[in-house]
Amino acid sequence: MSQTPTTGAWAMPRGVIVLLGIAGAVVTVAGVKAISSIVGPVFLALVLTISVQPLPAYLRRRGWPTWAAFVVTVLLVYGIMIGLFLAMAFAIARLATLLPEYADRLDDLTARFTAFLHDHGIDPDHTQTMLSKLDAHNLLSGLGTILSGTLGVASALIFLIILLVFMAADAMSFPARLALVGRSRPDITGALHSFASGTRSYLLVSTVFGLIVAVLDSAALWAMSIPLPILWGLISFITNYIPNIGFIIGLFPPALLGLLDGGWQKMLAVIAVYSVINVVIQSFIQPKFVGDAVDLSLTLTFLSLAFWTWVIGPLGAILAIPLTLFAKALLIDIDPATRWAGSLMTMKVPDDEKDETADDAHSAQPGTAHGGGG
């Protein structure tokens, strides 16, 4: 009697395994969302530590003592974190101090717009209800709320400061410990190395292009006499870390000031200049370099922005790409059995596919097909 081979048989139906995996993912995402106030700062500290990780190794190779390399690394991370936070808080506070100067102008524009809509047959009552929140006092109140929320994040800075000390201390010996793990589990070390290098490459590319965008935006705003051009250029630099929609966030303050300072023509000029500069750089040039750095498809990049913003909040928008790389490393790269899924997430064509395409093109040429050319 022949025996049915059982090699490669599933212990349970594959559909059940897929459903269990989806259920586990839903539970995990719900858990992360429930503790997002902890997960966000912890991952931010991890990304900042990874970004400066090559520095202590470089300093020790140059003969610096371990403690000195540690202190310099911690101070650098603190400087980056506190500098970005203060820049955002100062920008919101400065905008709040500027708006009262344009209160009368804003009320006049609102009245003109209401009259324009009324002349075109729109009910003034509905118009007044719609535009009531555009009152200068309401805008100032909203900015005050945003500023209070931004300053409220300062309490989380204490947690970040303490956490970064511990992470930086562990990072000094982490490469040696990871090398020990790699002797028995090379897949794990490979996945973690891929996550770290991809995160550093992404931050480097975003920083370089953010500086380019900030300089061009500041120069354009200065040429159009928009108040505080350097400050809005700094905001453009920070929002460049938010993929796809970052420049829209950075566009709002100078566009608003353009409207209040010179009318809708100046506002449209600011929007046009910002769109040309940011769309060309961030939508056509930067994605090519980001794709080479992290190798994620454009669709996945956009979906990761929406997903992590929903899960973690505003911090998830800035950390969307590193979070996606981390999830990819843990769920796909770490296991050879699931590594095939990485080909579906990449922007590049796999080398094997390139070779097959080249072979097909070569075989299609006259005289190279079988039986051709004698």
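Conventions and cut-offs
- Residues numbered from 1 in each chain as written.
- Predicted model: local features only at pLDDT ≥ 70, side-chain atom pairs only at ≥ 80, totals over all residues.
- Heavy atoms only, no water.
- Axes fitted to C-alpha atoms, helices over the stretch in contact; angles between N-to-C directions.
- Helix = DSSP H or I, 4+ residues; strand = E, 2+ residues; numbered from the N terminus.
- Parallel < 35°, antiparallel > 145°, perpendicular 65-115°, else oblique.
- Left-handed = near helix turned anticlockwise from the far one by under 90°.
- Contact = heavy atoms within 4.5 Å.
- Core = buried A, V, L, I, M, F, W, Y, C linked by side-chain atoms within 4.5 Å.
- Buried < 20%, exposed > 50% of the residue type's maximum accessible area, 1.4 Å probe, protein only.
- pLDDT = per-residue confidence, 0-100.

A. Region of interest: the packing of helix H3 (residues 54-61) against helix H4 (residues 66-98). Where H3 meets H4, the closest approach of the two axes is 9 Å, and the angle between their N-to-C directions is 150 degrees. Relative to H4, the element H3 is oriented roughly antiparallel. By crossing handedness, the relation of H3 to H4 is classed as right-handed. The residues of H4 that touch H3, namely those facing Leu-55, Pro-56, Leu-59 and Arg-60, are Thr-66, Ala-69, Val-72, Thr-73 and Leu-76.

B. Up close: the environment of Arg-105. Along the polypeptide, Arg-105 turns up in helix H5 (residues 103-119). Note: C-alpha distance between Arg-105 and Gly-262 (157 residues apart in sequence) is 9.8 Å. Setting aside residues no more than four positions away along its own chain, Arg-105 makes contact with Leu-259, Leu-260, Gly-262 and Gly-263.

C. View of the nonpolar core. Grouped together as the largest cluster of nonpolar side chains are 44 residues, with contacts concentrated most on Leu-164 and Val-294. The set of elements that each furnish at least two residues to this core consists of helix H2 (36-51), H4, helix H8 (154-184), helix H9 (186-223), helix H10 (229-239), helix H12 (264-294), helix H13 (298-312) and helix H15 (320-333). It is H9 that contributes the most residues to this core, ten residues altogether. Met-224, Ile-226, Trp-232 and Leu-251 belong to the second largest nonpolar core, which has 17 residues in total.

D. Fine view of the confidence of the model for the chain. Averaged over all residues, the pLDDT of the chain is 74; the fraction at 70 or higher stands at 71%. Considering only residues more than four positions removed or in separate chains, one finds that residues 146-152, a stretch of pLDDT under 50, has nine contacts. Throughout residues 367-374 the model reports pLDDT below 50, and contacts reaching past four residues in sequence, or to other chains, amount to five contacts.

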